[in-house]
Amino acid sequence: ILKKQQYITGLEEIAGCCCHRRTSSYITAFPSFRQHSFGSCNHTNIMSLVIPLKKPLRYDLKEPLAFWLDEPSDENTTSPTESIDPKPNIQSSECMTELKRLASVRNCLSESILKPDAHKHAIDDFALKDCHEYHAALLAFEKKGFPACDENSPLKLTWFSSISPAKEQHGSLVWDRVCTLWNTAALESFQASQQSKDKEGRKAAVKHYQNASATMKYLLKALEGQQFDTVDMNKSFIQFWEKTMLAQAQIAAYDMASENGKHSLLSYLAMGAVPVLNDALTHAKDPFVVSNLPKPIEEWAGECKAQSMLLTARAEFHQAIAHRQANEWGKELARLTQAETYLKQCIHFLSTTSRDVAKAEAILRLVQDRKVKVKHDNDTMYNDRVPDDLAEIPAKLLVKNDIPMPESMVTTQVPLF
C-alpha cells in the first residue's frame, strides 16, 4: 500500500510540475529568431510569442506643425461640399512648449526602437514609458484640432512594418498613435516573456500579457474609420495577437496555479486557454495575412496549435488524476485514453513541423505507464465500468483584456495646452 501511495504521489508531482518542462520559444519578426530554453526544475509551461516592434523613421514634426499653424487659412474650397477640419485658433508661439514636447518624445522613440526584435534595448531606454507619454500627448493634440487625417496635413510620418522592410507614410496623428499602440503591446509582450518562473514572476507575466492583449483591443478601436496598408494594421492580424496574448496570460495563470492547485482546477485552467488559442488560429488564416506573411504566420500559428493540442491533453491528464483521487477507476482509465489520443496527435503535428517532441513524448510515456497499471488494477480488483462518453471539461478563463486604458496613456505627465 505504501509503495502504491508513493507511486500516486510521484504521478501527481510529475503531472503538476515535471510535465511543464518543455520548450519555451521566443519568436519575433522572423522564425530564425526563435530561441529555445529548456527548464530544469522550474515551471516553464509559458508559451512566449513576442510581438515584433514597428520602427519609426526619425522626423522632427515641430517645424512643419509650427508652419502649418502660422500659415494663413484658405477660406476658399475647391468644392462647395468639401469639408476642411478647422485648425486650432492659436499661433505656434503660443504652443511652442507643447510642440517641442511632442517632437522630443517621438524622437526618443525613434532612437529607442531600432529594429523589430530590439525589445531589450527599447525597454532599457524607457521606450514603454515613452510610448505611454507619446500616446497621451497625441490624444491631447488631436483633441486640440491638430491633423487627424492625411488631407491638409503638413506631416510626413513614416513607420516600418513590424515584419517586413515595407514602410508606410501618413500625415495623420492617428497614424502615429496606432503605431504607438502596437509598440506598447509589443513591449508588454516582451516584458512578460522575461519574467522569472517563480510565483511572482508568473503573476507579473499574467499582468503584462493581459496588458498586451488589452492594448491590441485599444488598437482595434483606434483603427475604426481608418485605412492603412501594412499588414500589421490588418484587423485579423491584430486580433491574432490579441487572442495569443490573452491565451499566454491564461497559460501563465495555469502555470502559477500548478504550484499547489487541485487537479480538477488545473484541468479547467488548462482547457481555458484552448478556445482562445483556437480563435487566434482562425484569425491567422485570414487570406491577406497569409499572402503577406506566409512563413512568419505559419510559425506563429504552429506554436498556437501545438500549445492548444498539448493543453487539451494536459486537461485530460489532470482530470484522470482527479478521478484517481476520487477512486473513479473507470473514469480515470477513460481520461487516460483520451489524453493518450491527444498526445499522439500533438506529437504527430510537432514532428511534421520540425518541432521538439521530447517533452510531449515524456508525458505520453507517463500516461501510457499509468494506463497499463490502472487497467490491470481495474480488471483484477475494482471492475469499475469504463464510460464510452466523457463530459466535456469546462474551460475556466481567469484572465481578461477588457480593462481600462492606463491613466499614463491618457494624461501626459505635464499638462499640455
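Here we summarise the structure given alongside this text. Computed from a predicted structure; not experimentally measured.

Quick look at the overall build of the chain
Here's step 1: From N to C terminus, the chain includes 13 helices and four strands.
Here's step 2: Each of the 417 residues in the chain was classed as buried or not, and the buried ones make up 54%.
Here's step 3: Contacts spanning at least 24 positions in sequence make up 77% of the contacts within the chain whose residues lie at least 6 apart.
Here's step 4: Within the structure as shown, the chain displays about 19,300 Å² of accessible surface, and the carbon and sulfur contribution to it stands at 52%.

Observations concerning the packing of helix H12 (residues 329-352) against helix H13 (residues 358-382)
Here's step 1: Interaxial distance between H12 and H13 falls to 9 Å at its minimum, and their mutual angle equals 155°. Here H12 lies roughly antiparallel to H13, going by the angle between them. Relative to H13, H12 is oriented so that their crossing is left-handed. Only Ala360, Glu361, Ile363, Leu364, Val367, Gln368, Arg370, Lys371, Val374, Lys375, Asn378 and Tyr382 of H13 make contact with H12, whose side of the interface consists of Trp329, Gly330, Glu332, Leu333, Leu336, Thr337, Ala339, Glu340, Leu343, Lys344, Ile347 and Leu350.

Brief notes about the packing of helix H3 (residues 96-112) against helix H5 (residues 127-144)
Here's step 1: Relative orientation of the contacting elements H3 and H5 amounts to 145°, with a least axis distance of 10 Å. Remark: the crossing between H3 and H5 carries left-handed chirality. On H5, the residues touching Glu98, Leu99, Arg101, Leu102, Val105, Arg106, Cys108, Leu109 and Ser112 of H3 are Ala127, Asp130, Cys131, Glu133, Tyr134, Ala137, Leu138 and Phe141.
Here's step 2: Of the residues contributing to the contact of H3 with H5, the split by class is eleven nonpolar, one polar and five charged.

Some words on the packing of aromatic side chains
Here's step 1: One pass over the full model with this rule turns up eleven aromatic pairs.
Here's step 2: Ring plane angle 25° and centroid distance 5.9 Å describe the contact between Trp182 and Phe237, whose orientation is recorded as stacked. Of the two residues, Trp182 is situated in helix H6 (residues 173-193) and Phe237 in helix H8 (residues 235-257); the sequence distance between them amounts to 55 residues.
Here's step 3: Accessibility expressed as a relative area gives 0% for Trp182, which makes it buried.
Here's step 4: For Phe237, a relative accessible area of 0% translates into the label buried.
Here's step 5: One aromatic cluster is present, built from ring pairs that chain together Trp182, Phe237, Phe240, Trp241 and Trp300.
Here's step 6: Of note, Lys87 hangs over the ring of Trp68, and the distance from its end group to the ring centre comes to 5.5 Å.

Thresholds applied
- Residues numbered from 1 in each chain as written.
- Predicted model: local features only at pLDDT ≥ 70, side-chain atom pairs only at ≥ 80, totals over all residues.
- Heavy atoms only, no water.
- Helix = DSSP H or I, 4+ residues; strand = E, 2+ residues; numbered from the N terminus.
- Buried < 20%, exposed > 50% of the residue type's maximum accessible area, 1.4 Å probe, protein only.
- Contact = heavy atoms within 4.5 Å.
- Areas by Shrake-Rupley, 256 points an atom, 1.4 Å probe, with all protein chains shown as cover.
- Axes fitted to C-alpha atoms, helices over the stretch in contact; angles between N-to-C directions.
- Parallel < 35°, antiparallel > 145°, perpendicular 65-115°, else oblique.
- Left-handed = near helix turned anticlockwise from the far one by under 90°.
- Nonpolar A, V, L, I, M, F, W, Y, C, P; charged D, E, K, R; others polar.
- Phe/Tyr/Trp six-rings, centres within 6.5 Å; stacked < 30°, edge-to-face > 60°.
- Lys NZ or Arg CZ within 6 Å of the ring centre and 35° of its normal.

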